Amino acid sequence: MTRATQQPRGVTLLGSTGSIGLSTLDVIARHPQRYRVVALTANTQGERLFEQCLQYRPEMAVLLDPAAAEELRAKLRAVGLTTQVLSGLEGLTTVATLPEAAIVVAAIVGAAGLLPTLAAVRAGKRVLFANKEPLVMCGHLFIEEARRSGAELLPVDSEHNAIFQCMADGFRAGRAPAAVRRIYLTCSGGPFRSTPVEALARVTPEQACAHPNWVMGRKISVDSATLMNKGLELIEACWLFGVTPDRVEIVIHPQSIIHSLVEYVDGSVLAQLGNPDMRTPIAHALAWPERIESGVKSLDLLEIARLEFAPPDRRRFPCLDLAYEAAAASGTAPAILNAANEVAVQAFLDRRIGFTDIPQVIARVRARLPAGRDVQLDAILADDAAARAEAARAIAVLERPVQQGVR
Ligand code: NAD
Ligand code: MG
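Residues numbered from 1 in each chain as written. Chains lettered and ligands numbered in written order. Predicted model: local features only at pLDDT ≥ 70, side-chain atom pairs only at ≥ 80, totals over all residues. Heavy atoms only, no water.

**Structural notes on the sheet that holds strand 3 (residues 60–63)**
Consideration 1: The parallel open sheet is built from seven strands, whose spatial order is 4-3-2-1-5-6-7. Every other strand in the sheet has two partners, leaving strand 4 (84–87) and strand 7 (152–155) as the edge strands with one partner each. Strand-to-strand twist across the sheet, computed as the mean angle between neighbouring axes with direction ignored, equals 20°.
Consideration 2: With five bridges joining them, strand 1 (residues 9–14) and strand 2 (residues 35–42) adopt parallel strand pairing. Residue Arg 9 lies in a different strand from strand 2, and its bridge partner there is Tyr 35.
Consideration 3: Lying over the sheet, helix 4 (residues 88–96) contacts strand 1, strand 2, strand 3, strand 4 and strand 5 (103–106), oriented at roughly 130° with respect to strand 4.
Consideration 4: Packed on one face of the sheet, helix 5 (residues 114–122) meets strand 1, strand 5 and strand 6 (126–129) and runs near 145° to strand 6. (Pairing = 2+ DSSP bridges. Helix = DSSP H or I, 4+ residues; strand = E, 2+ residues; numbered from the N terminus. Axes fitted to C-alpha atoms, helices over the stretch in contact; angles between N-to-C directions. Contact = heavy atoms within 4.5 Å.)

Have a look at this one:
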């Protein structure tokens, strides 16, 4: 059967108003014969969600807050749209499991995406994973549930999508690839790669969010500045590719052109290259095993001319060691690390603590809260909550007027 005679595949987009959400809609809009938007969701951005509903006419839309959802419902009714508006976690779970949605894009930021994404996996969907935090917290659970339900768990995080593309024998989440010696995760180094270490304590949220190569949401931008993003990605890679942390190497590559590499036992190294634009991994995971146009411009190798590599500076970026430690500790340690990081990053964005306080908060939480061995969902969620409370206490201790803006 040719594509032209097939029905477009339904897509639920969890987190449609964010950076990944917008990139996904851009790709989908290029392929109306292949994809149709079934549901869109957002946290609080009612106005943007309203505009997206006007453009994409989904069957359902979800806003987390019931009052905001009611407002959206009234506005949609006023313009004659029949989109059904839901709210809360229940609404997110409903749209993540809709029979009409063959594909669910997990693009909520942070642990908030865990339960709806898990529901999509349990419902056997093709799940495009941008939302890395739930994988960090309990990757084993996602892999197990995908095996059980037949869900396709496909990485969209650019590094993991690159590794997926470099898997010579194909990819299945959690399956250790044959004959792989090592995985290299590339890392731009973020905006503070060469900022003097003494100046880091005073950098502002605006400086931290000004990533040299990627335009992203604020949380992942700060993670990219502390390099915790690479730490989270290390743990994400271990689950997705069934490898231990010692087989994953982090390499600073300031140009962000090589998105990651896989080394095989015969000495071959496969890499995936492209302009730093999330529409490439999104289009790849949407259409896999086919390839579709993404809107990303061609890579101009002659213009780039140089590709550089360096080891990460672990003294400058203590978050990397914190992530390696949590990966080695296993159990609920990665969930504790992630929760402490989420709370610390928000406090930094709110100007309550300084940039270099972020790893201090995480280290304090890890020291005070022993990681559990039980990795069932309830235990993970309990330690996530305990870590958030502990991080709030650590922040209260650290909190002081932060003098920012001097680099
Ligand atoms: P973003 O902040 O731009 O967007 C987040 C989306 O999630 C928004 O639609 C927001 O309304 C929604 N949301 C936020 N909190 C929510 C909550 N409590 N409940 C329900 N919905 C909520 O973030 P982003 O940059 O698009 O990143 C999304 C995820 O993808 C993150 O986990 C990030 O690590 C990952 N990711 C992003 C990029 C990128 O280039 N932006 C690259 C790789 C991975
Ligand atoms: Mg990434």
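**Quick look at the coordination of the magnesium ion (ligand 2)**
Consideration 1: Here the magnesium ion (ligand 2) is held by the protein donor atoms Asp 157 (OD), Glu 159 (OE) and Glu 233 (OE), which lie 2.1 to 2.2 Å from it.
Consideration 2: Along the chain, the residues donating to the magnesium ion (ligand 2) fall in the pattern D-x1-E-x73-E. One end of the pair, Asp 157, is in the loop between strand 7 and helix 7 (158–165); the other, Glu 233, is in helix 10 (residues 228–241), with 76 residues separating them in the sequence. Summarising the burial analysis for this pair, Asp 157 and Glu 233 share the class buried. (Donors = N, O, S within 2.8 Å, 3.2 Å for Na, K, Ca; no water. Buried < 20%, exposed > 50% of the residue type's maximum accessible area, 1.4 Å probe, protein only.)

**So, the UniProt feature "binding site: 1-deoxy-D-xylulose 5-phosphate" (unreviewed entry) in the protein**
Consideration 1: In this structure's numbering, the residues bearing the UniProt feature "binding site: 1-deoxy-D-xylulose 5-phosphate" (unreviewed entry) are Lys 132, Ser 158, Glu 159, Ser 188, His 211, Ser 224, Asn 229, Lys 230 and Glu 233.
Consideration 2: The topology assignment puts Lys 132 in helix 6 (residues 132–149).
Consideration 3: The exposure class assigned to Lys 230 is buried, which follows from its relative accessible area of 4%.
Consideration 4: If we skip the residues at most four places from it in the chain, Lys 230 touches Glu 159, Leu 185, Thr 186, Cys 187, Ile 250 and Leu 320.
Consideration 5: A polar contact is formed between the side chain of Lys 230 and the side chain of Glu 159, at a distance of 2.8 Å. (UniProt positions renumbered as here; feature names shortened; annotations may be inferred. Polar contact = N/O pair within 3.5 Å; in protein donor to acceptor, adjacent residues only side chain to side chain.)

**A look at helix 6**
Consideration 1: With 18 residues, helix 6 should reach 26 Å at 1.5 Å per residue; the first-to-last C-alpha distance of 20 Å falls well below that figure.
Consideration 2: Of all the bends in helix 6, the greatest, near 100°, is centred on Cys 138.
Consideration 3: Among the 18 residues in helix 6, 14 count as buried, and that is most of the element.
Consideration 4: Among the residues trailing helix 6, Gly 150 stands out with phi positive, at a value near 85°. (Expected span 1.5 Å × (residues − 1). Bend = angle between axes of the 7 residues up to and from the residue.)

**A short note on helix 16 (residues 377–398)**
Consideration 1: Here helix 16 contains 22 residues, and its C-alpha end-to-end distance of 31 Å stays within 8% of the 32 Å for a straight helix at 1.5 Å per residue.
Consideration 2: Within helix 16, burial applies to Leu 377, Ala 379, Ile 380, Asp 383, Asp 384, Ala 387, Glu 390, Ala 391, Ala 394, Ile 395 and Leu 398. Down the axis, helix 16 shows its buried residues gathered within 150° of arc, on one side only.
Consideration 3: Along its buried surface, helix 16 packs onto helix 5, helix 6, helix 14 (333–349) and helix 15 (357–368). (Arc of directions from axis to C-beta.)

**Re the environment of Ala 106**
Consideration 1: If you trace the backbone, Ala 106 turns up in strand 5.
Consideration 2: Residue Ala 106 is classed as buried on the basis of its relative accessible area of 1%.
Consideration 3: Sequence separation between Ala 106 and Gly 174 is 68 residues, and the spatial gap between their C-alpha atoms is 18 Å.

**Re the packing of aromatic side chains**
Consideration 1: One pass over the full model with this rule turns up six aromatic pairs.
Consideration 2: Between Phe 192 and Phe 355, the ring centres sit 5.1 Å apart and the planes meet at 80°, which makes this aromatic pair edge-to-face. Here the residue Phe 192 occupies a position in the loop between strand 8 (180–187) and helix 8 (205–209), and Phe 355 occupies one in the loop between helix 14 and helix 15, the gap between them amounting to 163 residues. Like Phe 355, Phe 192 is buried.
Consideration 3: Taking 5.6 Å as the distance between ring centres and 65° as the angle between the ring planes, the aromatic pair formed by Phe 348 and Phe 355 counts as edge-to-face.
Consideration 4: A relative accessible area of 0% means that Phe 348 is categorised as buried. (Phe/Tyr/Trp six-rings, centres within 6.5 Å; stacked < 30°, edge-to-face > 60°.)

**Quick look at the UniProt feature "domain: 1-deoxy-D-xylulose 5-phosphate reductoisomerase N-terminal" (unreviewed entry) in the protein**
Consideration 1: Those residues carrying the UniProt feature "domain: 1-deoxy-D-xylulose 5-phosphate reductoisomerase N-terminal" (unreviewed entry) are residues 11–139 in this numbering.
Consideration 2: Regarding residues 11–139, the helix share stands at 47% and the strand share at 22%, and the terminal C-alpha atoms are separated by 23 Å.

**Details of the pairing of strand 10 (residues 258–264)**
Consecutive residues of a regular strand have side chains that alternate between opposite faces of the sheet.
Consideration 1: Counting buried positions along strand 10 yields seven of seven residues, so the element is predominantly enclosed.
Consideration 2: Pairing of strand 8 with strand 10 involves five bridges; the strand directions are antiparallel. Bridged to Val 180 within strand 10 is Tyr 264.
Consideration 3: Relative to strand 11 (residues 269–273), strand 10 runs antiparallel, the two sharing five bridges. Looking at strand 11, one finds that Ser 260 is bridged to Gln 272.
Consideration 4: The turn linking strand 10 back onto strand 11 is made up of four residues, and Gly 267 within it adopts a positive phi angle of 95°.

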